[in-house]
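Here is what each chain is made of, one letter per residue.
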There are 2 protein chains.
Amino acid sequence: MNYQLDPILAANTRHVTSLTLCEVRIQNEARFPWVILIPKMDNIIEIIDLSDENQLQLMREIAQVSKAMNIVFDSDKLNIATLGNIVKQLHFHVIARYEADLAWPNPVWGFFEQTASYGADALSRRILTLKTHLIN
Amino acid sequence: MNYQLDPILAANTRHVTSLTLCEVRIQNEARFPWVILIPKMDNIIEIIDLSDENQLQLMREIAQVSKAMNIVFDSDKLNIATLGNIVKQLHFHVIARYEADLAWPNPVWGFFEQTASYGADALSRRILTLKTHLIN
């Protein structure tokens, strides 16, 4: 599919894999295991901008990614959300949270002024691990 | 269906209506139009604890509630999320956000120390309006 990724998302995330509806990208933020699903369609802001069938496909892919995140990170809780207050392009966060993480029990968005990027090797390894668990 | 509502949710929200899968409740927080969907089943924490069919039904009901929120509140953006870091029982927030609201562009969770409850009349009116837009 042909779509234009929002420049803020493009800057802060890296490609992991492509599912039927969504591109899966990882947030370049080493303190939280955090991926983002973006439907590969232009001009979609709210869930209800998607067709009924694509809404259901989005849920299937959220569940697929949730299962992969659970397996890879063995976390205490998943946080799953679409906000879009800053980046309008519809994107769904799936974040693996731990009771010992830096933001717990608060949400991670807006919690820190600055991000802590992965080292290049760590990012590559994490992308590969996630990709392996997200075979379509 | 028979299910036990978490006591924190029970204290902070009021019943609006019951859909096929979820109970819809309104957060008693006058500064943000904010409803919560709770699948009427016990022992469900993550989306992936639901059956595949109930995951899809959850998405249908999120979309139904989103449309009602859009009609009733004419907001700038919907924030849709399940966190569960504090209340484990699976619940989905659907919050109508305005660029002029007090928390914008941050998320509303954890943003304020104290809540601002509705007056009794205002809460009853808001419940009735939402209920009218959520006929099953």
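Calculation rules
Residues numbered from 1 in each chain as written. Chains lettered and ligands numbered in written order. Predicted model: local features only at pLDDT ≥ 70, side-chain atom pairs only at ≥ 80, totals over all residues. Heavy atoms only, no water. Helix = DSSP H or I, 4+ residues; strand = E, 2+ residues; numbered from the N terminus. Buried < 20%, exposed > 50% of the residue type's maximum accessible area, 1.4 Å probe, protein only. Contact = heavy atoms within 4.5 Å. Pairing = 2+ DSSP bridges. Axes fitted to C-alpha atoms, helices over the stretch in contact; angles between N-to-C directions. Buried area = accessible area lost by both parts, 1.4 Å probe. Salt bridge = Lys/Arg side-chain N within 4 Å of Asp/Glu carboxyl O. Polar contact = N/O pair within 3.5 Å; in protein donor to acceptor, adjacent residues only side chain to side chain.

Engineer: Honestly, the environment of Thr17(B) in this entry has me stumped. Any pointers?
Structural biologist: All names here are of chain B. Looking at the secondary structure, you find threonine 17 in strand β1 (residues 13-18). Among the residues examined, threonine 17 registers a relative accessible area of 9% and is labelled buried. Considering only alpha carbons, one finds threonine 17 and serine 51, 34 residues apart in sequence, at a separation of 23 Å. Apart from the residues lying within four places of it in its own chain, the contact partners of threonine 17 are Cys22, Glu23, Val24, Lys131 and Leu134.

Engineer: How do you make sense of the sheet that holds strand β3 (residues 34-39) of chain B when you look at a structure like this?
Structural biologist: The strands making up a sheet associate through backbone hydrogen bonding, with each pair oriented either parallel or antiparallel. Here we have ten strands laid out as an open sheet, ordered β1(A)-β2(A)-β3(A)-β5(A)-β4(A)-β4(B)-β5(B)-β3(B)-β2(B)-β1(B), and antiparallel in their pairing. On the outer flanks of this sheet lie β1 (13-18) of chain A together with β1 of chain B, each paired with one strand and no other. On average, adjacent strands in this sheet sit at an angle of 25 degrees to one another, irrespective of strand direction. The pairing of strand β2 (residues 22-27) of chain A with strand β3 (residues 34-39) of chain A spans five bridges and is classified as antiparallel. For Cys22(A), the partnering residue across the bridge sits in β3(A) and is Pro39(A). Sheet contacts for helix α3 (residues 120-132) of chain A: β1, β2 and β3 of chain A; angle to β1(A), the most-contacted strand, approximately 25 degrees.

Engineer: Please explain the interface of chain A and chain B as it appears in this structure.
Structural biologist: Interface size is commonly expressed as the accessible surface area that is lost when the partners come together. Contact residues are listed per partner, giving 34 residues for chain A and 35 residues for chain B. At the boundary of chain A with chain B, total buried surface from both sides reaches about 3,000 Å², with 63% on carbon and sulfur atoms. Where chain A packs against chain B, one counts two salt bridges. Close ionic contact of Lys77(A) with Glu46(B) constitutes a salt bridge, the shortest N to O distance being 3.1 Å. Where chain A touches chain B, the interface holds 14 residue pairs in polar contact (both at pLDDT 80 or more).

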